[in-house]
Amino acid sequence: MRCLFLIYCLLKSYVMATAQTAFSPTTYPHLFEQSLKPFYHGVASGDPLADRVIIWTKITPATPAKTIKGQWQMATDPAMKNLVKTGKFNTNAAKNYTVKIDVLGLQAGTTYYYQFMALGAKSLVGRTQTAPNQACEHLRFAVVSCSNYEAGYFNAYAKIAQRHDLDAVIHLGDYIYEYGQGGYADSTLKDQRKVQPKHEILSLEDYRTRYSIYRLDKDLRSVHQQHPFIVVWDDHETANDSYKGGAENHSDSEGSWANRHAIARQVYAEWLPIRGEAQSIYRKINYGNLADLILLDTRLEGREKQIKDIKDTQLYAENRTILGVNQREWFLKELKSSQAQWKIVGNQVIFAEFNIGWAAAAIPGYTAEQLESRFLDIWDGYPAERTKIIDFLKTNQINNVVFLTGDFHTTFAFDIAQRPTVWSEKGKQPDYLPETGVGSVAVEFVSPSITSGNFGEQLGEMRAKMLEYQMNKPLPNGINPNPHMKYADLTRHGYYILDLTKQKAQADWYFVDTIKQVSDNEVFTEAWFTNDKDNHLQKSATPSANKKQSKVPAPK
Ligand SMILES: [Fe+2]
C-alpha cells in the first residue's frame, strides 16, 4: 500500500508540475480575468439557421477533471427570465473542456440570449439571432478577416461588438496565426502582445493554447458575446499558404502534414461555433428570400499546390483547381438553384483578376513581362476554374452574386469580368467597360485586416499610398492593369458592413484610427453598391442606414 501511495504522490506531483508550466490561470493570471472563472473565454454562437443556432463556451477547471457536467439555458431577454430552452451537457479533456450545443426548435429571425452553468458558476450571457425563414427586408453583417494577435489591438472587433443591429459577423479566416513569438509581430506596439505558446504551433496542445490566448482577448470575447459568427478558415488556421497537400510554412521536419492538418481541423471545431466537426467547412446558410450565404473552402478541401511562375504552362491547365471537383460542382449547383435574391459567396482569396504590374513598374529596370505579374496564391493562380465559374454565371444568367473576400489585408472593391483588360493575348478585346460596368457579371468586396500587416506597414505609408493610386491607372505601356478595381485602401485596418435590401447590396468600409494601442475611434470612408440585377458597382455618398430596430445588448 505504501508503495502505491508513493507512486500516487509522484504521479500527483508530476501532474501538478505539468499544470504549472501549461498555459493556465495559474501561470498567466494577468490574462485570465478572475471574475469570469471558470468561463474565462466567455461565450459564442454561430451558424444560425431559421430554427437553430450553435452556442459555445469553454470551461477551465482549476484541476483536471474527468467529466464536467453543466446546464445551459436560452431566453428571449438578457436578464434570462423568459426561458424558452434549457438543457444539460458533459465535457471533458478530450474536448479541451469546450461545449458546443446545437439549440433546436427556435423561432426564425429572433434574438435570443443564452448562458451556461457549471462548477457552481455562471458564464457571461450571450446574445444571438436565428436566420429568417422567408420574407426578409433588410440584412446587415459585419465582414472581417485576418486578426493577428501580435500585430495589434483588436479595436475593430470592439467596434463591431458595439453595434446592435447586425444579423451576424462573417469571418473569412486567418482568425489565428500559427507563428511563434515575434514571427509576424509589430514591434512598435505601445505594449507588446505576446502569443502563447512561444513557438510555432504544431501539436494538439499548441493549437489549443493559441486559440485560448486569442479568446482571452477582451475585444474578441466581446464581439463573440454580442453576435453569432459565420466562419470559414483561411491558411493560417493551419499554416501559411496552405493547400490540400501541404503549406509554404510546413516542412517534413515539423511532422506529417496530414497530422497537422487533422489537429488544426479538430481544434477549429472545438473552439469556433461552427456546426459539426469541420471535416469539410463548405456549406450554405440561408437568410430567407433575401440571401443565401454560400461559404467556400479554397484552402484545404481541394486546392492544388501554388505555382510560382506565370510562364509555367501548368498554371493554365484546364483541370487545375482551387476548390476540388466535388466542391466546385456543389458551388455551381447552389448558385443555380438558389431562390434567394442575393447569392453571397464567402471566399478566402481574391477572385477578381488582379494584376500587380504597378508594383513591378515601381522597380527600376523592370521588364515588359514583369508588368504582367500576379499573386498566384489567389484565384489568379487557378485561372481555368475561375473562367468556368464566370462562364457558368453568364450561361445561366445568374444575377446578384457578391463575393466576400479576406486574406489580403487590404480593402478592394471589384467588378468581376472575364476579360477586364487585354494584356498579352494580342487581338482579343476586353469584355468589360469600366465607365459603365458593362460586361461585369458579379462584384467583390475585400475586407481590410483586423490587425495583420498591410502594405502601409510593410512599405511605409507614402509608398503604399503611391501604389494605391497607381493600381488602376495606366502603366508605362499604356495598359490599365485593373480597370475593374473601383476602390483600394492599402494602409488601414477595420471591417465593412454588408448591407442587403431588395434594392441593393452595399459595402460600407469602417477603419479604426490605430491598432497600436486600445482606441475606440473609427471612421467611415467609402461605400460601394450594386443595384438589383446590375452586377456592377457604383459609389454611394453615404453609408447604408441602420436597421429600424436595435437589439438590447447582452450585459457585460
Ligand atoms: Fe491574413
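Residues numbered from 1 in each chain as written. Predicted model: local features only at pLDDT ≥ 70, side-chain atom pairs only at ≥ 80, totals over all residues.

## Some points on the overall build of the protein chain
Okay, step 1: In terms of regular secondary structure, the protein chain is built from 10 helices and 24 strands.
Okay, step 2: The C-alpha extent of the protein chain, read off along each of the three principal axes, is 90 × 55 × 45 Å.
Okay, step 3: Each of the 556 residues in the protein chain was classed as buried or not, and the buried ones make up 48%.
Okay, step 4: Across the protein chain, the fraction of contacts at a sequence separation of at least 24, relative to all contacts at a separation of at least 6, is 71%. (Helix = DSSP H or I, 4+ residues; strand = E, 2+ residues; numbered from the N terminus. Buried ≥ 20, exposed ≤ 12 C-beta atoms within 10 Å, placed from the backbone. Contact = placed C-beta atoms within 7 Å.)

## Remarks on the nonpolar core
Okay, step 1: One finds V143, V169, V402 and L404 to be the most contacted residues of the largest nonpolar core, which totals 140 residues.
Okay, step 2: Considering every element that reaches this core, the biggest residue donor is strand β22 (residues 504-512), with 6 residues.
Okay, step 3: Both domains that meet at this core, namely domain 1 (18-128) and domain 2 (131-540), each give it at least three residues. (Core = buried A, V, L, I, M, F, W, Y, C linked by C-beta atoms within 7 Å. Domains from an automatic or database assignment.)

## What about unusual backbone geometry?
Okay, step 1: Following K37, the chain continues into P38 via a peptide bond in cis, with omega recorded as -5°.
Okay, step 2: Here P38 shows up in the loop between α1 (2-21) and β1 (43-46).
Okay, step 3: For the bond from Q196 to P197, the omega torsion is -10°, close enough to zero to count as cis.
Okay, step 4: Looking at the secondary structure, you find P197 in the loop between β10 (168-171) and α3 (204-216).
Okay, step 5: At C146, a position not held by glycine, the phi torsion is positive, near 60°.
Okay, step 6: Counting through the fold element by element, C146 comes out in the loop between β9 (138-144) and α2 (155-161).
Okay, step 7: Positive phi, normally seen in glycine, also occurs at D241, with a value near 50°.
Okay, step 8: Tracing the backbone through its elements, the reader meets D241 in the loop between β11 (228-231) and β12 (242-243).
Okay, step 9: Owing to 18 C-beta atoms within 10 Å, D241 belongs among the partly exposed residues under this scheme.

## Digging into the sheet that holds strand β5 (residues 98-103)
Okay, step 1: Spatially, 10 strands are ordered β5-β2-β1-β11-β10-β9-β21-β22-β23-β24 in an open sheet, and the strand pairing comes out mixed. In this open sheet, the two edge strands, each paired with only one partner strand, are β5 and β24 (538-540). Adjacent strand axes in the sheet meet at a mean angle of 30°, parallel and antiparallel pairs treated alike.
Okay, step 2: Relative to β11, β1 runs parallel, the two being bridged by 2 bridges. Across the sheet, S45 pairs through a bridge with P228, a residue of β11. (Pairing = 2+ DSSP bridges. Axes fitted to C-alpha atoms, helices over the stretch in contact; angles between N-to-C directions.)

## Some points on the sheet that holds strand β19 (residues 442-446)
Okay, step 1: What the 7 strands build is an open sheet, ordered β14-β15-β16-β17-β19-β18-β20; its pairing is mixed. The sheet terminates laterally at β14 (283-287) and β20 (485-489), the two strands that pair on one side only. Within the sheet, the average angular offset between the axes of one strand and its neighbour, ignoring direction, is 15°.
Okay, step 2: Sheet topology places strand β17 (residues 401-405) next to β19; 4 bridges connect them, and they run parallel. Directly across from T405, in β19, lies its bridge partner V446.

## Remarks on the domain arrangement of the protein chain
Okay, step 1: Taken domain by domain, the protein chain holds domain 1 (18-128) and domain 2 (131-540).
Okay, step 2: With centres defined by C-alpha atoms, the gap from domain 1 to domain 2 works out at 30 Å.
Okay, step 3: Taken together, the contact between domain 1 and domain 2 spans 28 residues of the former and 26 residues of the latter.
Okay, step 4: Within the residue set of the side of domain 1 that touches domain 2, elements represented by two or more residues are β1, β2 (53-58), β5 and β8 (126-129).
Okay, step 5: Looking at the side of domain 1 that touches domain 2, the element that brings in the most residues is β1, giving 4 residues.

## Concerning the confidence of the model for the protein chain
Okay, step 1: Residues of the protein chain with pLDDT of at least 70 account for 95%, and the chain-wide mean is 93.
Okay, step 2: A low-confidence stretch, residues 1-20 stays under pLDDT 50, and its non-local contacts, those more than four residues away or across chains, total 3 contacts. (pLDDT = per-residue confidence, 0-100.)

## A closer look at the packing of α3 against helix α5 (residues 257-271)
Okay, step 1: One can describe the packing of α3 onto α5 by two numbers: an axis separation of 9 Å at closest approach and a directional angle of 35°. At the point where α3 passes α5, the crossing takes the right-handed sense. Residues L204, Y207, R208, Y211 and R215 of α3 touch α5, and the partners they reach there are I263, A264, V267 and W271.
Okay, step 2: Taken together, the residues of the contact of α3 with α5 break down into 7 nonpolar, no polar and 2 charged. (Left-handed = near helix turned anticlockwise from the far one by under 90°. Nonpolar A, V, L, I, M, F, W, Y, C, P; charged D, E, K, R; others polar.)

## Quick notes on the environment of L202
Okay, step 1: The topology assignment puts L202 in the loop between β10 and α3.
Okay, step 2: Not counting residues within four places of it along the chain, the set of residues in contact with L202 comprises E254, G255 and R260.

## Describing α3
Okay, step 1: Over its 13 residues, α3 extends 19 Å from the first C-alpha to the last, a length consistent with the 18 Å expected when each residue adds 1.5 Å.
Okay, step 2: All buried positions along α3 are accounted for by Y207, R208, T209, R210, Y211, S212, Y214 and L216.
Okay, step 3: Packed against the buried residues of α3 are α4 (218-226) and α5. (Expected span 1.5 Å × (residues − 1).)

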